[in-house]
Amino acid sequence: MMGMIKQIQQRIEDTQKQLQAEHIEVTSGETLRIVVTGHQTIEKIEINPAYLTPQSSPILQDLLVATINKGLMQAKTKYDEEMGKVATELNLPKIPGLF
């Protein structure tokens, strides 16, 4: 039993490390580039300097919010898929919020 628990813990840790190394890139045309990790943290935001004008500020703010949310949603989906695979491989019950 203890061996099985250690195996489960190791598999979860390995998957979490793999997810941390994953990078999901989301763009908003030529304007923005956002990089999110598999742990749903923003790693990088790049803004095309051509769009940094007072007139484009409101649009740029909206694009930032939309692009960041899109990246975070993709990272969450990836996380849920990978942790779901772990649960399936280890025959764990599908309990919402388990990971």
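Coordinates for the structure precede this section.
A brief structural summary. All figures in this text were calculated on a predicted structure; none of them were measured in a lab.

## Remarks on the overall build of the protein
Looking only at helices and strands, the protein features 2 helices and 3 strands. Listed by position from the N terminus, the elements making up the protein come as α-β-β-β-α. For a compact globule of 99 residues, the expected C-alpha radius of gyration is about 13 Å, and the protein comes in at 18 Å, more than 25% above that figure. Viewed in the frame of its principal axes, the protein has a C-alpha envelope of about 65 × 20 × 15 Å. The buried share of the protein, reckoned over its 99 residues, is 26%. For the protein, the proportion of contacts with a sequence separation of at least 24, taken over those separated by at least 6, is 50%. With an accessible surface of roughly 6,700 Å², the protein has 58% of that area assigned to carbon and sulfur atoms. One way to put it: in the protein the 10 positive side-chain charges average out to a point 6 Å from where the 12 negative ones average out.

## Points about unusual backbone geometry
For Gln-40, which is not a glycine, the phi torsion comes out positive at approximately 65 degrees. Here Gln-40 lies in the loop between β2 (32-37) and β3 (42-47). Accessibility expressed as a relative area gives 31% for Gln-40, which makes it partly exposed.

## Here's the deal with the nonpolar core
Grouped together as the largest cluster of nonpolar side chains are 7 residues: Ile-8, Ile-12, Leu-19, Tyr-79, Met-83, Val-86 and Leu-90. Looking at this core, the elements that each hand over two or more residues are α1 (2-21) and α2 (57-89). Counting 6 residues, the second-largest nonpolar core is a separate cluster that includes Ile-24, Val-26, Ile-34 and Ala-75.

## What about the packing of α1 against α2?
Close contact between α1 and α2 brings their axes to 10 Å; oriented N to C, the two are set at 160 degrees. Taken together, the axis directions place α1 and α2 in an arrangement best described as roughly antiparallel. The interaxial crossing formed by α1 with α2 has right-handed handedness. Residue-level inspection shows Arg-11, Ile-12, Thr-15, Gln-16, Gln-18 and Leu-19 of α1 in contact with α2, the latter providing Lys-78, Tyr-79, Glu-82, Met-83, Val-86 and Glu-89. Per-class residue counts for the contact of α1 with α2 are 5 nonpolar, 3 polar and 4 charged.

## Remarks on α2
A rise of 1.5 Å per residue sets the reference length of α2, with its 33 residues, at 48 Å; its end C-alpha atoms lie 48 Å apart and thus fit the reference within 8%. Turning to α2, its buried residues are Leu-60, Thr-67, Ile-68, Gly-71, Ala-75, Tyr-79, Glu-82, Met-83, Val-86 and Ala-87. The secondary structure elements touched by the buried residues of α2 are α1, β1 (23-28), β2 and β3. Positive phi shows up at Asn-91, right after α2, with a value of about 55 degrees.

About the cut-offs
Residues numbered from 1 in each chain as written. Predicted model: local features only at pLDDT ≥ 70, side-chain atom pairs only at ≥ 80, totals over all residues. Heavy atoms only, no water. Helix = DSSP H or I, 4+ residues; strand = E, 2+ residues; numbered from the N terminus. Rg over C-alpha atoms; globule rule 2.2 N^0.38 Å. Buried < 20%, exposed > 50% of the residue type's maximum accessible area, 1.4 Å probe, protein only. Contact = heavy atoms within 4.5 Å. Areas by Shrake-Rupley, 256 points an atom, 1.4 Å probe, with all protein chains shown as cover. Lys, Arg positive; Asp, Glu negative; His and termini not counted. Charge placed at Lys NZ, Arg CZ, Asp CG, Glu CD. Core = buried A, V, L, I, M, F, W, Y, C linked by side-chain atoms within 4.5 Å. Axes fitted to C-alpha atoms, helices over the stretch in contact; angles between N-to-C directions. Parallel < 35°, antiparallel > 145°, perpendicular 65-115°, else oblique. Left-handed = near helix turned anticlockwise from the far one by under 90°. Nonpolar A, V, L, I, M, F, W, Y, C, P; charged D, E, K, R; others polar. Expected span 1.5 Å × (residues − 1).

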